[in-house]
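# Report on the structure
Single-letter residue listing:
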Amino acid sequence: MSDPTCNAHTAKCVVVSIALHKNPHHHHSKFVASGAMILGPMYMKKFISTYLTSSADVEDIPVPEIPQCMDSLSDEDHPLLMWHSEFWEIYLQELLRLEGRGDCVDICAECNTNSPLYHCRDCFGGQMLCQECTVLGHALTPLHRLECWNGTFFQKTSLKSLGLCIQLGHAPGQTCGNPKCAFNDDFTVLDSHRIHAVTIDYCDFSWFPATTVNLRSATTFRLLQEFQLLFFESKVSAYEFYHSLACNSDNNGVLDIKGHYKSFIRSIHEWHHLKMLKWSGHGHDPAGIVNTSSGECMVLCPACPHPGINLLDGWESSLPHRKWLYADFVAIDANFRLKRKHVSSDGIDPSLSDGWGYFVEDSQYGTFLNECQHDTQESTCSSHNAVNMADTKSSQGLATTGVNSIVCMCHNFKYPNGVIDLEKGERYANMDYAFFSAMQHSSHNVLNVLYNIACQWHKNLWARMLAFPPALQLQHTIMNTHFFVPKFHLPAHIAKCHTLYLFNFLPGVSCTDDEAPERGWSSINPAASSMKEMGPGSCHDTLDDYFGDWNWKKLTGLGAILLCKLKDAICESAEYQVVLQELEDALMHDELKAFAGWKEEVYTWEADPSKTNPFDPKVKTLTQAAIHLQLARDDVQVLRDGTQVILHDNVSPSMLIASGLDLEEQQYVCLCLGSSCISHSF
């Protein structure tokens, strides 16, 4: 207690202890403790000189008085206003105090001999030490940030300038008998807080080196993990991340910090690839990494049926009315925000996980596109942009205009080998390749396929399949394949598509979430601006890494999501059964024969879709415009016949009735709006 070098720290601790000792049940004891630690220097000087003696009695030491405002406010009541009115200036004064030497004395806190000039921003306690003690104390923490007191203010310095040499490959304190040195004694380490210039000797390496020969820089594993998580969660670019790291090293811009951005992005590329192999278990493959097959480095959807994994033996021979349990639901969707400029090439920037994850194998895909013939796509439905712009979409200055993916429709998982680059628009050749490549990982005979323009795309699909390599062809003759259009996109199609490609009319699929693929792009789109500047390999491996994280998050949250959906489905099923039964009872009472015949047509069509579709409308739908047109024609006819008296030269009887109906509708709308305004005014 008599040591002058620790009086300030001891005073803070003593006052906190006394405050909590005397006020153990005070509802502001938490504030007293935190306030005493923060405001210590403002109150503690008199305690150091008056009460810190060996004979001092704790009960005789007064405690700083708690502000009166604390008796009327709880901790939860207006903490910002309380801070602004009472403590903001005190906080500022404390920040300014911490910028200087604080309570430090003119002697090293460790050796009590030399003058302390160095302060570590990362060590706990903030003590100032001499040069020798600083170097010895950082043997195990060589990447801490140091500052040197120049008599007026703290200047940034490094452990390298103080003489610290980092020995890699041996236990702390040991030296190597035959060490290797960094090239030209110039080595840089990128860490979470700063870019460090260090001196190293090594015979092994505990950081992530940017190169394998003539080592000049390395990145800590901590920094690589931080960037990977930040990319997953906030889509931060490597450029922004690196320059924020450089600013943290020197935000004044006066120091000469060597640029290591290229080595950093190269390390990130390698890190993504290695983590994917590690997470998929291929680091333990006895045959080595080269034994990895296409699509093996992915996260499978656990809720979809997978033979040999989550299906019982004999599932193939299940009864017809239970076949839907073993069906695959896949969706096709393109994203034209994930475009990429003409940057680099496959030879300079190749994909390290070519075809092992979610992208197709590049060379095979490129060979197929070069050999296939792109036929002009014509639509027999509405004028869809996906069809019209398949060959005309602008691609000036772009290597790819976007990407297309195959996803699990029900749970929104990305399929392995189901992601491709698009060089123009949604050409059938591109979409076919993604579909057939992804379906190699499916082994089911019932397949439900969703696509915005499925009504056009599925025509001649099996004929086009014959141009593909045999390994990508499906045995479609023994498969039961259905094609659908998402409900949100159906209004843009002709009336015939509304019944042929609607989920509601096929058993086993009616309430499928058919817009899941659209939502899947919203998370990755913020990274589009940085990804368009990447080379082909970096872009593919980055997306592979992201899609793996996307699937993993879907997997971990799937239990809670399915439970919620199951609860809703049970309640809604009971409600719909009651409504359906009431409808059938009414039809059977009034139109028994017609109802029985219609049900038979439904069963026949479900068994053989080539039969007449019972859901096609038999009656032409009347629109308001059509009724107005017919009334206008009737007015013209009666005027010609002279059988109707004209009340007004410009207004016919039908026009007068229509205007009256419009006025009545507007009055009703105004009445509803007025009632809403009155209810909100109270």
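Residues numbered from 1 in each chain as written. Predicted model: local features only at pLDDT ≥ 70, side-chain atom pairs only at ≥ 80, totals over all residues. Heavy atoms only, no water.

### Topic: the overall build of the protein chain
Condition: Helix and strand labels come from DSSP, where a helix needs a run of H or I of at least four residues and a strand needs a run of E of at least two; each type is numbered from the N terminus. The buried label applies to any residue whose accessible area, calculated with a 1.4 Å probe on protein chains only, is under 20% of its type's maximum; exposed applies above 50%, and partly exposed to all values in between. For this analysis, residues touch if any pair of their heavy atoms sits within 4.5 Å. Working definition of accessibility: Shrake-Rupley area with a 1.4 Å probe, residue cover restricted to the visible protein chains.
Helices and strands together make up the secondary structure of the protein chain, namely 21 helices and 17 strands. Relative to its full complement of 682 residues, the protein chain shows a buried share of 39%. Counted over contacts in the protein chain with a minimum sequence separation of 6, partners at least 24 positions apart contribute 67%. A total of about 39,700 Å² of accessible surface is found on the protein chain, and carbon and sulfur atoms cover 57% of it.

### Let's talk about empty space enclosed by the protein
Inclusion rule: Cavity means a closed set of points on a 1 Å grid over the protein atoms alone, one where a 1.4 Å probe fits but cannot get out, pocket means an open set with protein on both sides within 12 Å along at least 5 of 7 lines, and lining means a residue has an atom within 4 Å of a point. Grid points are joined across faces, edges and corners, and a volume is the space filled by probe spheres set on the points. Note on residue categories: nonpolar means Ala, Val, Leu, Ile, Met, Phe, Trp, Tyr, Cys or Pro, charged means Asp, Glu, Lys or Arg, and polar means any other residue, Gly included.
This model, assessed by the stated rule, comprises four cavities of 30 Å³ or more. A volume near 70 Å³ is recorded for the largest cavity. Taken together, Trp 315, Glu 316, Ser 318, Lys 323, Tyr 326, His 444, Asn 445 and Val 446 make up the lining of the largest cavity. For the lining of the largest cavity, a count of residues per class yields three nonpolar, three polar and two charged.

### Comments concerning the sheet that holds strand β4 (residues 154-157)
Threshold: The criterion for strand pairing is that DSSP finds at least two bridges linking the strands in question.
Pairing in this open sheet of four strands is antiparallel, and the strands run β2-β1-β3-β4 from one edge to the other. The open sheet has two free edges, formed respectively by β2 (128-129) and β4, since each of these has just one partner strand. In the sheet, strand β3 (residues 146-149) pairs with β4 via four bridges, with the strands oriented antiparallel. Each bridged residue has a counterpart across the sheet, and for Cys 148 the counterpart in β4 is Gln 155.

### Considering the packing of helix α18 (residues 536-590) against helix α19 (residues 592-607)
In helix packing, the relevant descriptors are the interaxial angle and the interaxial distance, both defined with respect to the helix axes. Threshold: Convention adopted: a line fitted to C-alpha atoms gives each axis, helices being fitted over their contacting stretch, and angles between N-to-C directions are expressed from 0 to 180 degrees. The labels follow the angle: roughly parallel below 35 degrees, roughly antiparallel above 145, roughly perpendicular from 65 to 115, and oblique for the rest.
At their nearest, the axes of α18 and α19 sit 5 Å apart, and the two run at 125° to each other. Comparing their axes, α19 and α18 come out oblique. Residues Glu 584, Leu 587, Met 588 and Asp 590 of α18 touch α19, and the partners they reach there are Leu 592, Phe 595 and Lys 599. Across the contact of α18 with α19, the residue classes break down as four nonpolar, no polar and three charged.

### Observations regarding a nonpolar patch on the surface
Our working rule: Patch membership requires over 30% relative accessible area and the absence of a salt bridge. Like charges are linked within 9 Å, and nonpolar side chains (Val, Leu, Ile, Met, Phe, Trp, Tyr) within 5 Å. A side-chain nitrogen of Lys or Arg and a carboxyl oxygen of Asp or Glu constitute a salt bridge if their distance falls within 4 Å.
Together, Leu 80, Trp 83, Trp 88 and Tyr 91 make up a nonpolar patch on the protein surface, roughly 420 Å² of accessible area in all. Mapped onto the elements, Leu 80 comes out in helix α5 (residues 79-99). Given a relative accessible area of 61%, Leu 80 falls into the exposed group.

### A closer look at the nonpolar core
Filter applied, for reference: To define a nonpolar core, start from buried Ala, Val, Leu, Ile, Met, Phe, Trp, Tyr and Cys residues and group those joined through side-chain atoms within 4.5 Å.
Of all hydrophobic cores here, the largest spans 47 residues; its most connected members are Phe 435, Met 439 and Trp 457. Among the secondary structure elements, those contributing two or more residues to this core are β11 (328-335), α10 (362-371), β14 (402-408), β15 (414-422), α12 (428-438), β16 (446-451), α13 (454-457) and α14 (461-465). Counting residues per element, this core draws most heavily on α12, which supplies eight residues. Non-local contacts of Phe 435, meaning those with residues more than four positions away in its chain, are made with Val 330, Ile 332, Ile 406, Leu 447, Val 449, Trp 457, Leu 461 and Leu 474. Counting 17 residues, the second largest nonpolar core, distinct from the first, contains Phe 232, Val 419, Ala 527 and Met 531.

### What about helix α8 (residues 238-249)?
To keep it simple, the criterion reads: One fewer than the residue count of a helix, multiplied by 1.5 Å, yields its expected span. This arc corresponds to the set of directions leading from the helix axis out to the C-beta atoms.
End to end, α8 covers 17 Å across twelve residues, agreeing with the expected 16 Å (1.5 Å per residue, within 8%). When α8 is considered as a whole, its buried residues turn out to be Ala 238, Phe 241, Tyr 242, Leu 245, Ala 246 and Ser 249. Buried residues in α8, looked at end-on, bunch into an arc of 135°, giving them a common side. Those residues of α8 that are buried lie in contact with β4, β7 (187-190), β8 (195-202), α7 (221-234) and α9 (261-279).

### Quick look at the layout of surface pockets
Each pocket or cavity is described by its volume, and for the largest pocket that value is around 2,200 Å³. Contributing to the lining of the largest pocket are 45 residues, with Gly 508, Val 509, Ser 510, Cys 511 and Thr 512 lying nearest its centre. Only β11, α18 and α19 provide two or more residues apiece to the lining of the largest pocket. When residues in the lining of the largest pocket are grouped by element, the largest group, 14 residues, is from α18. Grouping the amino acids of the lining of the largest pocket by side-chain chemistry returns 28 nonpolar, eight polar and nine charged.

### As for the pairing of β16
Within β16, six of the six residues are buried, which leaves the element mostly enclosed by the surrounding structure. Here β16 shows no split at all, with Val 446, Asn 448 and Leu 450 on one side and Leu 447, Val 449 and Tyr 451 on the other all buried. Where β11 meets β16, five bridges bridge the pair, whose relative direction is parallel. By the bridge assignment for β16, Ile 332 is matched with Tyr 451. Here β16 pairs with strand β17 (residues 480-484) via five bridges, running parallel. Looking across to β17, one finds that Leu 447 is bridged to Thr 481.

### Here's the deal with helix α20 (residues 624-641)
Between its first and last C-alpha, α20 extends 26 Å over 18 residues, near the 26 Å set by a 1.5 Å rise per residue. The first or second residue beyond α20 is Gly 642, which carries a positive phi of 70°.

### Quick word on the sheet that holds β14
If you walk across this open sheet you meet the five strands as β15-β14-β11-β16-β17, and the pairing is mixed. The open sheet is flanked by β15 and β17, the only strands paired with a single partner. Direction aside, neighbouring strands of the sheet carry axes that sit 20° apart on average. As defined by bridge partners, β11 adjoins β14 across six bridges and the pair is classed as antiparallel. By the bridge assignment, Asp 333 is partnered in β14 with Ser 405.

### Remarks on the packing of α7 against α9
The interhelical angle for the contact between α7 and α9, taken along N-to-C directions, is 80°, at an axis separation of 10 Å. As summarised for this structure, α7 and α9 are arranged roughly perpendicular, according to the angle between their axes. Side by side, α7 and α9 meet where Phe 221, Leu 223, Leu 224, Gln 225, Phe 227 and Gln 228 of the first sit next to Phe 264, Ser 267, Ile 268, Trp 271, His 272, Lys 275 and Trp 279 of the second. Grouping the constituent residues of the contact of α7 with α9 by class yields eight nonpolar, four polar and one charged.

### Here we look at unusual backbone geometry
Despite not being glycine, Asn 412 has its phi angle at roughly 65°, a positive value. If you trace the backbone, Asn 412 turns up in the loop between β14 and β15. According to the relative accessible area criterion, Asn 412 is buried, its value standing at 4%. Unlike most non-glycine residues, Asn 460 shows phi in positive territory, near 65°. Residue position: Asn 460 is located in the loop between α13 and α14.

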